[in-house]
Number of protein chains: 2
Amino acid sequence: MSQRRPVTAQDVARLAGVSQSAVSRCFTPGASAAPQMRERVEAAARSLGYRPNLIARSLITRRSRIIGVALGYLHNQFYPAVLEALSEALQAIGYQVLLFTAPQEGDADPRIADILRYQVDGLVLASASLSSRLAAECRASGVPVVLFNRTTAGDDGTESVSGDNEAGAAMIAAFLVAGGHRRLAYVAGLENSSTNRDRQRGFCAALAAHGLAPPRIVAGGYDHTQAQRAAALLFASGDPPDAVFCANDHMALAVMDAARHSHGLRVPDDVSIIGFDDTAPASWPSFSLTSFSQPVAEMVAATVGLLVARLADPDAPARQLVLPGALVVRGSARLPARGLVTEAGRRIWRPQ
Amino acid sequence: MSQRRPVTAQDVARLAGVSQSAVSRCFTPGASAAPQMRERVEAAARSLGYRPNLIARSLITRRSRIIGVALGYLHNQFYPAVLEALSEALQAIGYQVLLFTAPQEGDADPRIADILRYQVDGLVLASASLSSRLAAECRASGVPVVLFNRTTAGDDGTESVSGDNEAGAAMIAAFLVAGGHRRLAYVAGLENSSTNRDRQRGFCAALAAHGLAPPRIVAGGYDHTQAQRAAALLFASGDPPDAVFCANDHMALAVMDAARHSHGLRVPDDVSIIGFDDTAPASWPSFSLTSFSQPVAEMVAATVGLLVARLADPDAPARQLVLPGALVVRGSARLPARGLVTEAGRRIWRPQ
């Protein structure tokens, strides 16, 4: 049956034999209602084909119960994991995710006009390639914005939640130096991303602090195919590196496959490879990738927390949260003599 | 600046020096507007913090420009690829995806009441675990529904788009038999899913047609960890299989890793492994997985086509579309003597 004339909450209340306010409670996200009554009301609503007019209500409450989430691309398994956790955390408090993906391959902003057409209660900008301009435009529009896994240059008042990219990359440098590596390379992510900027800075600064030459830097663009080309540049050169830090796991898997299957190298005997994010495939035996973890669950919880606080108080001071990760040690890089500890079932590196 | 009093389209028109209908056109998804004017209007809208009230408009047009998409889980790389393609295809025609993920781990429906709270113009149900009840409830509510990568038992009038699960599984059986395999196993997906039902039926029927004994069937639940346990059951048994068909790639990668790294088996010398979906990791050199491809781009285009047709004519006859795939041959299974052809850069099997 396709719906012609709108069915009202009154119709549902009459059929279910409950009050109209009871019907309203059953269809208000987050509102409480006895399971038994909820069942009766939902059964009545189903049989009548009732569609609760949350939309009309949002005009009164100025709340759509929708959070916009802008993502660049989903090839990198970090983002599907984030999106799933974010969706579940928001659904648990009565919100749904309205998804905005970048129109082109990975490095274009969703159009601000597209986002603002929908009366979203808040926005999470989680694409590595998002311009700071978009964040500023969203803020100017009065929509609460949280940057996820990225920051804007300088404190411009945009709230953000990210992992500790600079410290993580510095720890990776220290780990590789302690493991006896001397010819290091860095496979860079998207040039315009804060994650790449911070990871590259942390890695290079730490190598310098240990008295090593700057790493050879090749562009990987957070892309599988580009990372394969980067690997060819590194491993086919006259002076191949003995260790490669890739700015994320997604590229590290491609570089590891290229090292073994295109260049006949043994990992880690001939070359050590380390990634960033600690996505699911890093733990698969084929890769056993040493990687700096980003705490997805904590980052998502912090993001939802910022949104809720902002919705409650639009004038609360903006916060930029940086959550610590850990260097998860597996088999893809030669080990230092000391500092390896097991914590919560994970083998991690904690230098003294 | 956080928004206090609503800014109207009239304010924007005045500042941009254009007509109010011009402003409306700029903020109507799909409507045409000269780029230059669009720029002026959007700049004015930004500076005023204008939020076009698509919501109010949807009360008049009864169109929210939102398509709900219900997914079970995103660990299986097939679904992120589908979600990204679906989002891009819908955005291109002025719609956005409202995401509904299953509350529990992979095998619970999103609550119908949660979905119907939002005035979605259509629904795509793409979770392997979705019950036919949910589809029926959505249809009863008058919302156009398309099942993606699943079908309901029997033609109950629910539209669907799926790959050719039965024929694909039958082709995999024929390929393995032609490759000389005789002791076959099947790692099953979620029991309540149509994809698993159809793939298992096609595989078993084809083996019987070739005069082979039924395969050993172990449960994998479309889950990485369960699939590892399934591999242990198969490979540690007294009579291990010489070929394993896994109901999707996500499980096949886990089974291949377990075969090599936990049971010391060579793939394909000791055991052949074949998956279903042909997701990105199947082509990674570490796996080089032979897999039956699902044509994601074509399936997404067909899904959008069904939704658009249904929105134009609610009473159009319901269609169930089954799109053909191909058996993409890589290195994880022993090869038959004939039938291998290269097509559009892919090596596929086409038996005579």
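Residues numbered from 1 in each chain as written. Chains lettered and ligands numbered in written order. Predicted model: local features only at pLDDT ≥ 70, side-chain atom pairs only at ≥ 80, totals over all residues. Heavy atoms only, no water.

Where an unreviewed UniProt entry is consulted, chain A appears under the name DNA-binding LacI/PurR family transcriptional regulator, with the organism given as Humitalea rosea.

Asks: Describe the sheet that holds strand β4 (residues 145-148) of chain A, listing the residues and the values that go with them.
Replies: The twelve strands lie next to each other as β11(A)-β5(A)-β4(A)-β3(A)-β1(A)-β2(A)-β2(B)-β1(B)-β3(B)-β4(B)-β5(B)-β11(B), forming an open sheet whose pairing is mixed. The open sheet has two edge strands with one neighbour each: β11 (320-323) of chain A together with β11 (320-323) of chain B. Sheet twist, expressed as the average angle between the axes of neighbouring strands with direction ignored, equals 20 degrees. Against the sheet, helix α5 (residues 78-91) of chain A contacts β1 (66-71), β2 (96-101), β3 (122-125) and β4 of chain A together with β2 (96-101) of chain B, and its axis sits at roughly 75 degrees relative to β2 of chain B. Along the sheet face, helix α12 (residues 296-312) of chain A touches β1, β3, β4, β5 (159-163) and β11 of chain A and points at about 170 degrees away from the line of β5 of chain A. (Pairing = 2+ DSSP bridges. Helix = DSSP H or I, 4+ residues; strand = E, 2+ residues; numbered from the N terminus. Axes fitted to C-alpha atoms, helices over the stretch in contact; angles between N-to-C directions. Contact = heavy atoms within 4.5 Å.)

Asks: Explain the environment of Gly202 of chain A residue by residue, including any values.
Replies: Residue and element names in this part refer to chain A. Relative to the assigned elements, Gly202 resides in helix α9 (residues 194-209). Its relative accessible area of 4% is what places Gly202 among the buried residues. For Gly202 and Gly168, which are 34 residues apart along the polypeptide, the C-alpha to C-alpha distance reads 7.6 Å. The contacts of Gly202, once residues within four sequence positions are left out, are Glu166, Ala169 and Ala170. (Buried < 20%, exposed > 50% of the residue type's maximum accessible area, 1.4 Å probe, protein only.)

Asks: Before we move on, could you go through the environment of Val143 of chain B and cite the residues and values that matter?
Replies: If you trace the backbone, Val143 of chain B turns up in the loop between α7 (132-140) and β4 (145-148). Classification of Val143 of chain B by relative accessible area gives buried; the value is 3%.

Asks: Lay out the pairing of strand β5 (residues 159-163) of chain B in plain terms, naming residues and giving numbers.
Replies: Residues and elements named next belong to chain B. Most of β5 is tucked away, with five of its five residues classed as buried. Alternating residues of β5 divide into Glu159, Val161 and Gly163 and Ser160 and Ser162, and every residue in both groups is buried. Examined bridge by bridge, β4 and β5 share three bridges and lie parallel to one another. Paired with Val146 across the two strands is Glu159, which belongs to β5. In this sheet, β11 lies alongside β5 in parallel orientation, the contact comprising four bridges. Each residue of the ladder has a partner; that of Ser162, found in β11, is Val322.

Asks: Lay out helix α10 (residues 224-235) of chain B in plain terms, naming residues and giving numbers.
Replies: Residues and elements named next belong to chain B. The first and last C-alpha atoms of α10 sit 16 Å apart over twelve residues, in line with the 16 Å expected at 1.5 Å per residue. Residues of α10 that are buried include every one of His224, Ala227, Ala230, Ala231, Leu234 and Phe235, and no others. Across the axial projection of α10, the buried residues extend over an arc of 115 degrees, all falling on one side. Every exposed residue of α10 that faces more than 90 degrees away from the buried side is listed here: Arg229 and Leu233. The backbone nitrogen of Thr225 lies 3.1 Å from a side-chain oxygen of the residue at the head of α10, namely Asp223. (Expected span 1.5 Å × (residues − 1). Arc of directions from axis to C-beta. Polar contact = N/O pair within 3.5 Å; in protein donor to acceptor, adjacent residues only side chain to side chain.)

Asks: Report on the packing of aromatic side chains, specifying residues and quantitative values.
Replies: Residue and element names in this part refer to chain A. The final tally for this structure, using the stated rule, is 19 aromatic pairs over all chains. Ring centres 5.3 Å apart and planes at 80 degrees place the aromatic pair Phe175 and Trp349 in the edge-to-face group. Linking Phe175 in helix α8 (residues 165-178) with Trp349 in strand β14 (residues 346-349), this pair joins segments that are 174 residues apart in sequence. The pair Phe175 / Trp349 is uniform in exposure class, with both members buried. The aromatic ring of Tyr95 is capped on one face by Arg65, whose charged end is 4.3 Å from the ring centroid. (Phe/Tyr/Trp six-rings, centres within 6.5 Å; stacked < 30°, edge-to-face > 60°. Lys NZ or Arg CZ within 6 Å of the ring centre and 35° of its normal.)

Asks: Before we move on, could you go through the side chain of Asp121 of chain B and cite the residues and values that matter?
Replies: Residue and element names in this part refer to chain B. Take Asp121: it is sitting in the loop between α6 (112-116) and β3 (122-125). In this structure Asp121 comes out as buried when scored by relative accessible area, which is 4%. Side-chain polar atoms of Asp121 contact the backbone nitrogen of Arg65, separated by 2.8 Å.

Asks: Which residues make up unusual backbone geometry, and what are the values?
Replies: All names here are of chain A. Following Val267, the chain continues to Pro268 via a peptide bond in cis, the omega torsion being 10 degrees. Note on placement: Pro268 falls in the loop between α11 (249-261) and β9 (272-277). Despite not being glycine, Asp277 shows a phi value in the positive range, around 125 degrees. The residue Asp277 is located in strand β9 in this model. Exposure remark for Asp277: the relative accessible area of 3% places this residue in the buried category.

Asks: I'd like to hear about the nonpolar core, residue by residue, with values.
Replies: With 158 residues, the main nonpolar core has Leu83, Phe203 and Ile273 of chain A together with Leu83, Phe203 and Ile273 of chain B as its most contacted residues. Ignoring any residue separated from it by four or fewer positions in sequence, one finds Leu83 of chain A in contact with Val69, Leu71, Leu74, Val97 and Leu99 of chain A together with Leu74, Leu83 and Leu99 of chain B. (Core = buried A, V, L, I, M, F, W, Y, C linked by side-chain atoms within 4.5 Å.)

Asks: Before we move on, could you go through the pairing of strand β1 (residues 66-71) of chain B and cite the residues and values that matter?
Replies: Residues and elements named next belong to chain B. Across the six residues that make up β1, a large majority, six, are buried. In β1, alternate side chains face the same way, and those of Ile66, Gly68 and Ala70 on one face and Ile67, Val69 and Leu71 on the other are all buried. Taken together, the six bridges between β1 and β2 define a ladder with parallel strand orientation. Bridge assignment links Ile67 to a residue of β2, and that residue is Val97. One crossover worth recording links β1 to the parallel β2 by way of helix α5 (residues 78-92), and it is right-handed. With four bridges connecting them, β1 and β3 associate as parallel partners. Of the residues in β3, the one forming a bridge with Ile67 is Gly122. (Right-handed = clockwise from strand over helix to strand, strands pointing away.)

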